[in-house]
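So you can see what is in the structure, the chains are spelled out below.
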Amino acid sequence: MKLFIDTANIDEIREINTWGVLSGVTTNPSLIAKNGGIVKDVLNEICELVDGPVSAEVNAECSEGMIKEARELVKIHKNIIIKIPITEEGLKALKILSKEGIKTNLTLIFSESQALLAARAGATYVSPFMGRLDDIGEDGLKLVENIKKIFALHNIETEIIAASVRNVSHVRGAALVGSDITTITYKIFKEMIRHDLTVKGLEKFKEDFNRVYKKEIK
């Protein structure tokens with residue numbers, strides 16, 4: 001399973017990218033607005049940092065507007081993927097964009113039927129929102145698992161991006177059910193690398209090393 005970071009914060013992307021684990025980035029208008037800067041400049045800088053798909057979301061509500069925005073966004077960098085909501089207008093836009101060879105990420109997926117429609121219309125990726133389903137008492141992980149089964153059963157090549165990830169358990173679950181990608185926040189990346197036993201083990205190693213070293217230099 002590949003790991004994307006869900007942010008538009010350049011410093012966060014730069015730091016996690018030094019770990020050698022990043023395969024892509026997902027953004028949205030809210031994330032870009034939160035961190036400031038001109039959209040095109042921010043997206044281009046992200047693409048120059050991470051050699052992988054970078055999802056940039058359209059804002060228009062009509063298919064014509066989405067298509068127009070998408071054509072402009074892909075001019076920014078070869079790694080730009082167009083993020084489109086799963087609506088009727090979104091599917092209309094997706095049909096045209098997929099024929100033009102423009103890669104897409106269909107977002108705000110909350111059901112198997114939405115994922116299937118997106119895949120059949122030509123989506124490169126679908127993004128089921130795990131956390132938001134959990135928030136309303138449904139099982140977000142089960143949705144990811146079901147989409148994976150449907151795509152495998154029908155030889156659908158559209159990749160699944162597990163999104164709206166709330167914690168490390170979500171990442172583990174998505175990996176276990178076979179999600180192709182999980183997009184997570186900077187905070188969760190930090191939580192993934194930490195374990196109390198690792199911290200204690202390092203402290204013990206340091207203590208023992210210092211004890212032995214002190215004996216050797218006497």
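Residues numbered from 1 in each chain as written. Predicted model: local features only at pLDDT ≥ 70, side-chain atom pairs only at ≥ 80, totals over all residues. Heavy atoms only, no water.

Enquirer: Looking at this model, I keep getting lost on unusual backbone geometry. Mind explaining?
Expert: For residues other than glycine, phi is negative in most cases, and the peptide bonds are mostly trans. Although it is not a glycine, L108 adopts a positive phi angle of roughly 60 degrees. Turning to its location among the elements, L108 is positioned in strand β5 (residues 104-109). Looking at L108, the relative accessible area reads 29%, which means it is partly exposed. For S164, which is not glycine, the phi dihedral falls at a positive 55 degrees. Along the chain, the position of S164 falls in the loop between β7 (159-162) and α9 (168-176). You can call S164 buried: its relative accessible area is 14%. (Helix = DSSP H or I, 4+ residues; strand = E, 2+ residues; numbered from the N terminus. Buried < 20%, exposed > 50% of the residue type's maximum accessible area, 1.4 Å probe, protein only.)

Enquirer: Honestly, helix α4 (residues 63-73) in this entry has me stumped. Any pointers?
Expert: At 3.6 residues per turn, the α-helix brings residues three or four places apart onto the same side. For α4, the complete set of buried residues consists of S63, G65, M66, I67, A70 and L73. Where α4 is buried, its residues touch α3 (39-49), β3 (54-57), β4 (80-85) and α5 (88-99). (Contact = heavy atoms within 4.5 Å.)

Enquirer: Would you mind showing me how to read the layout of surface pockets here?
Expert: Gaps between atoms show up when a probe of the same size as a water molecule is rolled over them. Taken as a whole, the largest pocket holds about 390 Å³ of empty space. Around the largest pocket, the lining comprises 19 residues; the ones closest to its centre are D6, N28, K83, F129 and R132. Going through the elements one at a time, β5 and β8 (181-184) are the ones with two or more residues in the lining of the largest pocket. The residue makeup of the lining of the largest pocket, split by class, is six nonpolar, eight polar and five charged. When its volume is computed, the second largest pocket comes out at roughly 210 Å³. Lining the second largest pocket are 14 residues, and of these V39, E57, N59, E69 and L73 lie nearest its centre. Of all elements in the fold, only α2 (29-35), α3, β3 and α4 reach the threshold of two or more residues within the lining of the second largest pocket. A breakdown of the residues in the lining of the second largest pocket according to their chemical character gives seven nonpolar, three polar and four charged. (1 Å grid on protein atoms, 1.4 Å probe; cavity = no way out; pocket = protein on both sides within 12 Å on 5 of 7 lines; lining within 4 Å. Points joined across faces, edges and corners; volume = space filled by probe spheres on them. Nonpolar A, V, L, I, M, F, W, Y, C, P; charged D, E, K, R; others polar.)

Enquirer: Help me understand the environment of V199, please; the structure alone is not making it clear to me.
Expert: Take V199: it is sitting in helix α11 (residues 196-216). For V199, a relative accessible area of 26% puts it in the partly exposed group. Sequence-wise, V199 and T124 are 75 residues apart; in three dimensions their C-alpha atoms are separated by 40 Å.

Enquirer: Would you mind showing me how to read helix α6 (residues 112-120) here?
Expert: Within α6, the full set of buried residues consists of A115, A118 and A119. What you see down the axis of α6 is that its buried residues fit within an arc of 100 degrees, all on one side. Once α6 ends, the next one or two residues include G122, with phi positive near 110 degrees. (Arc of directions from axis to C-beta.)

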